[in-house]
Amino acid sequence: MEEKFDVIIVGAGLAGNIAAYLLAQAGLEVLIIERAEVPGSKNVTGGRLYSHSLEKIFPNFAEEAPVERKITKERVSFVTGDSATTIEYAAEGLGEQGKATYSILRSRFDPWLVEKAEEAGAMYVTGIRVDEVLVQDDKVVGVRAGEEEMYSDVVLLADGVNSLLAQQLGMKKELDPSQVAVGIKEVIRLGEEKINDRFGVSSEEGVAWLFAGDVSGGNIGGGFLYTDKEDLSVGIVTTIADIGYSDVAPREMVERLKEHPVVKPLLAGGKLMEYSAHLVTEGGYNMIPELYRDGVLLAGDAAALVMNLGYTIRGMDLCIESGKLAAETIIAAKEAGDFSKAFLSRYEKAMNDSFIMKDMKHYRKFPAFLERHRIFEQYPGMMDEMMKGMFEMYGQEPEKMTKRMLRPVKKIGLFRVGKDVLDGLGAL
Ligand SMILES: Cc1cc2nc3c(=O)[nH]c(=O)nc-3n(C[C@H](O)[C@H](O)[C@H](O)COP(=O)(O)OP(=O)(O)OC[C@H]3O[C@@H](n4cnc5c(N)ncnc54)[C@H](O)[C@@H]3O)c2cc1C
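What this report covers is the structure whose coordinates are included nearby.

1. Remarks on the overall build of the chain
Each helix and strand counted, the chain has 15 helices and 19 strands in total. By the compact-globule yardstick of 22 Å for 428 residues, the chain fits well, its C-alpha radius of gyration being 23 Å. Structurally, the chain occupies a C-alpha span of about 90 × 45 × 35 Å along its principal axes. In the chain, which comprises 428 residues, the share counted as buried stands at 55%. Taking the contacts inside the chain whose residues are at least 6 apart along the sequence as the reference set, 73% of them involve residues at least 24 apart. Approximately 19000 Å² of the chain is accessible, and the part contributed by carbon and sulfur atoms is 51%. Taken together, the 50 basic and 67 acidic charged side chains of the chain have centroids lying 7 Å from each other.

This is the structure we're talking about:
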C-alpha cells in the first residue's frame, strides 16, 4: 500500500522548517523533502533577521540559536568611486527584546531549525529534488521525486523564489526579470577580535551596512555588509532586467564594493569562506501569486513574500510568519477533515490579517520608485559635492552655504529632487 502523510512540505528553508516544526508539534505526520544534502547549504540571505516573528514561536531563541550578532549599529552609505556619505544610527533600543535584529548565516541557522522540527517529530528526506506535484481530479494529492511518488492530504510548497512547482500548477507565473534581482554574497573570515576593533563593537554587537551608488555603476541595486561573529557577509543585490544598463556586471559589483576605499581596509587580511549567488524576489505586493488551491498552499519566497525597501531587504520574518500561518491553517483543516480550496482560503484571510500583507500592501509602490536610475547614478555624487561644500577649506573664496548646497542639487534639478524625496517618502 502506498505511504500517505498528513502533510508533505517541499523545501527546508525558513518557511518549510517553521511549518514542519509547528505541524509535527501538533501531532501531524509531516514529511519534508529538501534537494540539498544538508538543509541550509543552498540557502542565501544577506544577513539580517528581524526577530519578531520567530520570537513568537521560540521565545528568547537568540540565547540558544546560532545567531551571529545583534545589530546595534545601522549604516547607510551613498558612495562615489572614492567617497562615502554615511548615515549611522546607533541606539540602545535597536537591541530590545522583540525588536532586535540579528545577523545570521543560513548554513548554520537552518540546521538548528531542522533539529527543532525533527525533535518535534517531523521526518526529513534530503538530497532529493521534487520534480512534480501530483494532481488528481483538480486536487493536489502528493509529489513525485524521480520514480517515487509520495502522497499526502495537503502539500505545502516552500521551495523558494523560483518555485517551479507552483509554476507547474499554474499558481505562479514564470519570473519576470524586472521583478527579480540576483544577489551575490561572500563570507569573509576576519576573526572576532578584528571585527570588534574595526567596527567599534563588542562581541555581542554588530553592524548592518547598506551601500548605494558607484558599487552598482548606476544599475538598480546596491551593496551590503553585515558583521557576523567571526566573519563579514559582503555582497550586492541588483535587478536582473537592469543588468546591462551600465557595463558593470554583478560579479564586478562585489569587487567594486570590496575595493572601495571605505570598505577595503575593513576587509584587509580576510579569508574567503563562502561564495554564493541567489535570486531575490523584488516585485512586492503585485507579485504575490495564488496562495492556495485544493490540497496545496504556498509559503515564503515561493509566495513572493519579500520587500526591498532600498535601505533594507526583508523576507525572512515574512517567510517565518507565513510558515506559521500555513501550519495553523493545515492543523485546522486536519481537525475539520477538509483540505478543499474553500477551507484552505482561511490561509489567505490569516495572511491578510497579519503584518505580512499589511506591510506588503503598505510598501507596494516602492519597487516602482526604485526604478529611477538617478537614485543610484546621480544622488551619491550630489551628496559628495554637498559634503565637499561643507567640509573643504583651502582658502577658497567664501560662498553662502545655501549656494554651496543648492549647486549640486540644481545639477539634477530642484524640482526632480524635490519630487523624488516626496515620492520616495510617499512610497514608504
Ligand atoms: C542576497 C540576498 C540578501 C537577502 N537579504 C535579506 C536580509 O538581510 N533580511 C531578510 O529578512 N531577507 C533577506 N533576503 C530574503 C530572504 O533570504 C528570503 O526571503 C528567505 O531566505 C526565503 O526563505 P524561504 O524559506 O521561503 O526559501 P529558501 O530559504 O530559499 O528555501 C527554499 C528551500 O527549498 C529547497 N527546494 C527548492 N526547490 C526544491 C525542490 N524542487 N525539491 C526539494 N527542495 C527544493 C531549496 O533547496 C531551499 O532549501 C535576502 C535574499 C538574498 C538572496
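2. Focus: the pairing of strand E13 (residues 221-227)
A large share of E13 lies buried, amounting to seven of its seven residues. Of the two faces of E13, the one carrying Gly 221, Gly 223, Leu 225 and Thr 227 and the one carrying Gly 222, Phe 224 and Tyr 226 are both buried. Where E13 and strand E14 (residues 231-239) come together, seven bridges link them in antiparallel fashion. Directly across from Gly 221, in E14, lies its bridge partner Thr 238. Between the end of E13 and the start of E14, which pair antiparallel, lie three residues.

3. Digging into helix H10 (residues 355-362)
Regarding H10, the residues found buried are Phe 355, Ile 356, Met 357 and Met 360. Buried residues belonging to H10 abut helix H2 (52-57), strand E18 (307-308), strand E19 (313-314), helix H8 (316-336) and helix H9 (341-353).

Conventions and cut-offs
- Residue numbering note: each chain is counted from 1, following its sequence as written.
- For a predicted model such as this one, the threshold for reporting local features is a pLDDT of at least 70, and the threshold for listing and counting side-chain atom pairs is 80 or more; totals across whole chains, interfaces and linings nevertheless cover every residue.
- Hydrogens and waters are ignored; side-chain quantities use all the structure's heavy atoms.
- Segments assigned H or I by DSSP are reported as helices when at least four residues long, segments assigned E as strands when at least two residues long, and all are numbered from the N terminus.
- Between the two quantities, the radius of gyration covers C-alpha atoms and the globule rule is 2.2 Å times the number of residues to the power 0.38.
- Buried, partly exposed and exposed residues are distinguished by accessible area as a fraction of the type maximum, computed with a 1.4 Å probe on protein chains only: under 20%, between the cut-offs, and over 50%, respectively.
- Throughout, a contact is declared for two residues whenever any of their heavy atoms are within 4.5 Å.
- Here, Shrake-Rupley sampling with a 1.4 Å probe gives the accessible areas, and only protein chains in the shown set may cover a residue.
- In this charge count, Lys and Arg are treated as positive and Asp and Glu as negative; neither His nor the chain ends contribute.
- A single reference atom marks each charge: NZ on Lys, CZ on Arg, CG on Asp, CD on Glu.
- Any two strands between which DSSP finds at least two bridges are classified as paired.

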